[in-house]
Amino acid sequence: MNTNSAAPSSKSRAGSSQSSETSFKRKRGVFQKELQHMMYGFGDDPNPLPESVALVEDIVVEYITDLVHKAQDIGSKRGKISVEDFLYLIRKDLPKLNRCTELLSMNEELKQARKVFESDEEKLRKVFEADEET
């Protein structure tokens, strides 16, 4: 067992988190309630330790920040970030890719349903106004 290989990675992680903390200060606890519910959904205690929630939040924020920076690097060639940049980054993680694709299609269905609902509502309003005038 070589302990030297584990030490640099933990040191580099600590160094990278310290440098990111100094270059970007963020408000802690923003996702606290959501993460508590998610942790409970995945089998944790209904009221997990605040330290556990803070750790999970740090990991999530670091992951999302890293993903956005990578997407920004990809999108900088075109001048903007798109959804396809994120899909490209997670293309090898099939569960994430499938879930994102599912959520994007559901979002599109909701947009279409809202559009139909709004147009139907507008038609009903016009009919109602016409009935009131007569």
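To start, this report covers the structure provided alongside it. (Residues numbered from 1 in each chain as written. Predicted model: local features only at pLDDT ≥ 70, side-chain atom pairs only at ≥ 80, totals over all residues. Heavy atoms only, no water.)

Some details on the overall build of the protein
Inclusion rule: The secondary structure listing takes helices from DSSP runs of H or I that are at least 4 residues long and strands from runs of E that are at least 2 residues long, numbered from the N terminus. Partly exposed describes any residue whose relative accessible area lies between the buried limit of under 20% and the exposed limit of over 50%, with all areas from a 1.4 Å probe on protein chains only and scaled to the type maximum. Contact between two residues is taken to exist if any of their heavy atoms lie within 4.5 Å; hydrogens are not considered.
Check the secondary structure of the protein and you find five helices and zero strands. For the protein, the succession of helices and strands along the chain, N to C, is α-α-α-α-α. In the protein, buried positions account for 10% of the 134 residues. In the protein, the share of contacts with a sequence separation of at least 24, taken over all contacts with a separation of at least 6, comes to 25%.

Here's the deal with the pattern of salt bridges
One side chain can pair with another of opposite charge once the charged atoms of both are near each other. Keep this limit in mind: In the sections that follow, a salt bridge refers to a side-chain nitrogen of Lys or Arg positioned within 4 Å of a carboxyl oxygen of Asp or Glu.
The tally for this structure, following the rule as stated, stands at five salt bridges. Ionic pairing is found between D66 and K70, a salt bridge with its closest N-O pair at 3.4 Å. On the criterion of helical spacing, the pair formed by D66 and K70 is a turn pair, its members being four residues apart in helix 3 (residues 50-75). The class of K70 is partly exposed, set by a relative accessible area of 41%. R78 is paired through a salt bridge with D85; the nearest N and O atoms lie 2.7 Å apart.

Thoughts on helix 2 (residues 32-41)
Worth spelling out the cut-off: Taken from the helix axis, the directions to the C-beta atoms give the arc we talk about.
Those residues of helix 2 that fall on the buried side of the exposure criterion are L35, Q36 and M39. Projected down its long axis, helix 2 shows its buried positions confined to an angular sector of 105 degrees, all on one face. For helix 2, the exposed residues lying more than 90 degrees away from the buried face are K33, H37 and G41. Looking at the buried positions of helix 2, the neighbouring elements they touch are helix 3.

Quick look at the packing of helix 2 against helix 3
Two quantities define a packed helix pair, namely the angle between the helix axes and the distance between the axes. Note the following rule: Axes, fitted as lines to C-alpha atoms, cover a helix only where it is in contact. Angles between the N-to-C directions of the axes lie from 0 to 180 degrees. In this scheme, roughly parallel covers angles under 35 degrees and roughly antiparallel covers those over 145, while 65 to 115 is roughly perpendicular and the rest are oblique. Side-chain classes are defined by residue name, with Ala, Val, Leu, Ile, Met, Phe, Trp, Tyr, Cys and Pro counting as nonpolar, Asp, Glu, Lys and Arg as charged, and the others, Gly among them, as polar.
Running from N to C, helix 2 and helix 3 cross one another at 105 degrees; their axes reach a closest spacing of 10 Å. Here helix 2 is positioned roughly perpendicular relative to helix 3, judged by the angle of their axes. Between helix 2, through Q32, L35, Q36 and M39, and helix 3, the contact on the second element is made entirely by S52, V53, V56, E57 and V60. Here the contact of helix 2 with helix 3 is built from residues that sort into five nonpolar, three polar and one charged.

Re the packing of aromatic side chains
Both the distance between ring centres and the angle between the ring planes are used here to describe each pair of aromatic rings. Here is the rule we go by: Working definition: a ring pair exists when centres of Phe, Tyr or Trp rings (six-membered ring for Trp) sit within 6.5 Å. Plane angles under 30 degrees give stacked, over 60 give edge-to-face, the rest tilted. The criterion for a charge sitting over a ring is simple: Lys NZ or Arg CZ within 6 Å of the ring centre, and within 35 degrees of the ring normal.
Taken as a whole, this structure holds zero aromatic pairs when the rule is applied. Stacked on the ring of Y88, the Lys or Arg R91 has its end atom at 4.0 Å from the ring centre.

Examining a nonpolar patch on the surface
We apply this condition: Surface patches are defined over residues having more than 30% relative accessible area and no salt bridge, joining like charges when they lie within 9 Å and nonpolar side chains (Val, Leu, Ile, Met, Phe, Trp, Tyr) when within 5 Å. We get accessible surface area from the Shrake-Rupley algorithm with a probe of 1.4 Å; when it comes to residues, only the shown protein chains can shield them.
On the surface, V60, Y63, I64, V68 and I81 cluster together into a nonpolar patch covering about 370 Å² of accessible area. Within the secondary structure, V68 sits in helix 3. For V68, a relative accessible area of 31% gives the class partly exposed.

Structural notes on the layout of surface pockets
Using the following cut-off: Using a 1 Å grid laid over the protein atoms alone, points where a 1.4 Å probe fits but cannot get out form a cavity; open sets with protein on both sides within 12 Å along at least 5 of 7 lines form a pocket; any residue with an atom within 4 Å of a point counts as lining. Grid points are joined across faces, edges and corners, and a volume is the space filled by probe spheres set on the points.
Taken as a whole, the second largest pocket encloses approximately 360 Å³ of empty space. Going through the elements one at a time, helix 3, helix 4 (83-89) and helix 5 (94-133) are the ones with two or more residues in the lining of the second largest pocket. Residue classes in the lining of the second largest pocket are distributed as 11 nonpolar, no polar and one charged.

What to know about the side chain of Q36
Within the secondary structure, Q36 is located in helix 2. Not counting residues within four places of it along the chain, the set of residues in contact with Q36 comprises P48 and V53.

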